[in-house]
Amino acid sequence: MPQATVVTGGTGFAGRHLLDLIGSSSDVIAWYRPGGRLPDRGGVTWRPVDVVDRAAVADAIREAQPARLFHLAGAPNVATSWQNVLAHLQTNALGTHHLLDAVRRYRPGCRVLVVSSAHIYQPGDSPIDEHARVRPESPYGFSKLAQDQLALQAATEEGLDVVVARPFNHIGPRQQPGFAIADFARQIARIERGLTEPVLRVGNLTAKRDVSDVRDVVRAYATIVSRGTAGRPYNVCSGRASRMQDLLERLIALSSASIRVETDPARLRPHDAPIIQGDPTRIQSELDWTPSIPIDQTLRDTLEGWRADVASSSR
């Protein structure tokens, strides 16, 4: 019986951490966007596949005959979705349609994890569970809602073995600076090296977000694939909301540099919910998953990663 594992979006933030978790094996096939540089991570088989290319996706699934598939490829940024709506819809919605269609045609027994997003929910003052109202507030959220519903429909109406993760905010080492905590850490690292003035520019710091370490999040993905119920979505979250101001202050406390914080209007979003907090009851009670990495360790590891990156690039 085929035992291959396919990871789409293998070069992405969560994708790289998932590959670290599941280990190196010739049976692991990771996809990356065609035209880019071949990833330098060894131990897995790399395939250039664009999920928007229906024929390429079909060929890759037919060739690999995977036993399990982690679908992490996608356009991930809420902020840029306002300027690039079409790309988000194509990659997140149409790409998922192509993938599920290929599985249905060529490997219907494959267990598929589709990674949706907490941004499909309507924000509110109470912790959000899987029954909460869906009402996205960004083009990114709408594209993820389409992806989410395609996955659930494939499970409930077509009988595919599809499980759905709805992650809330996750941070950690190797995240790109288009995301708040990674951007803060990069700015601090550059200030420490004397590459920029000691001013840290920020957006809205009053927002509260449910934040988990990406390494805990990919462990949740593996758990859902292993034990989750097909057609059943699972929130991946900590159940606690942290104020961005507090997270920033904890990051700055890790540095000896004297840093001034200034609000940059360009970093403010058109819509920014005051609080987004998840309810992790389902994944905790049904699958026995809880986050284990303390937020201070996550912040420290994120900053150390950017220190190393800035030091390397400034040599």
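Residues numbered from 1 in each chain as written. Predicted model: local features only at pLDDT ≥ 70, side-chain atom pairs only at ≥ 80, totals over all residues. Heavy atoms only, no water.

Undergrad: Any chance you could break down the pattern of salt bridges for me, citing the residues and the numbers?
TA: For the structure shown, the criterion picks out 24 salt bridges. Here Arg104 and Asp101 are joined by a salt bridge, their closest N and O atoms 2.3 Å apart. One end of the pair, Arg104, and the other, Asp101, are both in helix α4 (residues 85–106), three residues apart, so they sit about a helical turn from each other. With a relative accessible area of 7%, Asp101 lands in the buried category. Its salt-bridge partner being Arg209, residue Asp272 comes within 2.7 Å of it at the nearest N-O pair. Placement of Asp272 in the loop between β12 (260–263) and β13 (275–276) and of Arg209 in strand β9 (residues 208–213) is noted, with a sequence separation of 63 residues between them. What makes Asp272 partly exposed here is its relative accessible area of 29%. Connected via shared salt-bridge partners are Arg54, Asp101, Arg104, Arg105 and Glu158. (Salt bridge = Lys/Arg side-chain N within 4 Å of Asp/Glu carboxyl O. Helix = DSSP H or I, 4+ residues; strand = E, 2+ residues; numbered from the N terminus. Buried < 20%, exposed > 50% of the residue type's maximum accessible area, 1.4 Å probe, protein only.)

Undergrad: Describe the sheet that holds strand β4 (residues 68–71), naming the residues involved and giving the relevant values.
TA: With parallel pairing, seven strands are arranged side by side in an open sheet as β3-β2-β1-β4-β5-β6-β10. Only two strands of the sheet have a single neighbouring strand rather than two, namely β3 (45–48) and β10 (233–236). Strand after strand, the sheet turns through a mean of 20° between neighbouring axes, direction not considered. Here strand β6 (residues 161–167) runs beside β10; their pairing, made up of four bridges, is parallel. Considered in β10, the bridge of Arg166 is made with Asn235. The strands touched by helix α1 (residues 13–22) are β1 (5–8), β2 (28–32), β3 and β4; relative to β1, the strand with the most contacts, the crossing angle is about 160°. (Pairing = 2+ DSSP bridges. Axes fitted to C-alpha atoms, helices over the stretch in contact; angles between N-to-C directions. Contact = heavy atoms within 4.5 Å.)

Undergrad: Lay out the side chain of Asn235 in plain terms, naming residues and giving numbers.
TA: Looking at the secondary structure, you find Asn235 in strand β10. Separated by 2.9 Å, the side chain of Asn235 and the backbone oxygen of Ile128 make a polar contact. With residues up to four places along the chain from it excluded, the contact list for Asn235 reads Tyr121, Ile128, Asp129, Glu130, Arg166, Phe168, Asp279 and Ile283. (Polar contact = N/O pair within 3.5 Å; in protein donor to acceptor, adjacent residues only side chain to side chain.)

Undergrad: Give me the lowdown on the environment of His119, citing residues and values where you can.
TA: Residue placement: His119 occurs in the loop between β5 (111–115) and α5 (139–156). A C-alpha to C-alpha distance of 15 Å links His119 and Pro280, two positions 161 residues apart in sequence. Setting aside chain neighbours within four positions, we find His119 in contact with Val78, Pro136, Glu137, Tyr140 and Gly141.

Undergrad: So what's going on with the side chain of Ser116? Which residues, and what values?
TA: Along the chain, the position of Ser116 falls in the loop between β5 and α5. Polar side-chain contacts of Ser116 include one of 3.0 Å to the side chain of Asp148. With near-sequence residues (within four places) excluded, Ser116 lies in contact with Lys144, Gln147, Asp148, Val164, Ala165, Arg166 and Pro167.

Undergrad: Just give me the short version of the nonpolar core, but keep the residues and values in it.
TA: One finds Phe70, Leu113, Tyr221, Ile224, Val236 and Ile283 to be the most contacted residues of the largest nonpolar core, which totals 28 residues. For this core, the elements supplying multiple residues, two or more each, are α1, β2, β5, β6, α7 (214–227), β10 and α9 (281–287). With residues up to four places along the chain from it excluded, the contact list for Leu113 reads Leu69, Phe70, His71, Val163, Val164, Ala165, Tyr221, Ile224 and Val225. (Core = buried A, V, L, I, M, F, W, Y, C linked by side-chain atoms within 4.5 Å.)

Undergrad: Now, about the packing of helix α6 (residues 180–192) against helix α10 (residues 295–313): what can you tell me, with residues and values included?
TA: A packed helix pair is summarised by two numbers, namely the angle formed by the two axes and the spacing between the axes. In contact at an axis separation of 8 Å, α6 and α10 are set at 50° when each is read in the N-to-C sense. By the criterion of interaxial angle, the relationship of α6 to α10 is oblique. Here α6 and α10 pass one another in a crossing that is right-handed. Contact with α6, carried on its side by Ile181, Ala182, Ala185, Arg186, Ile188, Ala189, Arg190 and Glu192, involves Leu299, Thr302, Leu303, Trp306, Arg307 and Val310 of α10 and no other residues of that element. In terms of residue class, the contact of α6 with α10 is made up of nine nonpolar, one polar and four charged. (Parallel < 35°, antiparallel > 145°, perpendicular 65-115°, else oblique. Left-handed = near helix turned anticlockwise from the far one by under 90°. Nonpolar A, V, L, I, M, F, W, Y, C, P; charged D, E, K, R; others polar.)

Remember, this is a structural readout, not a statement about activity or role.
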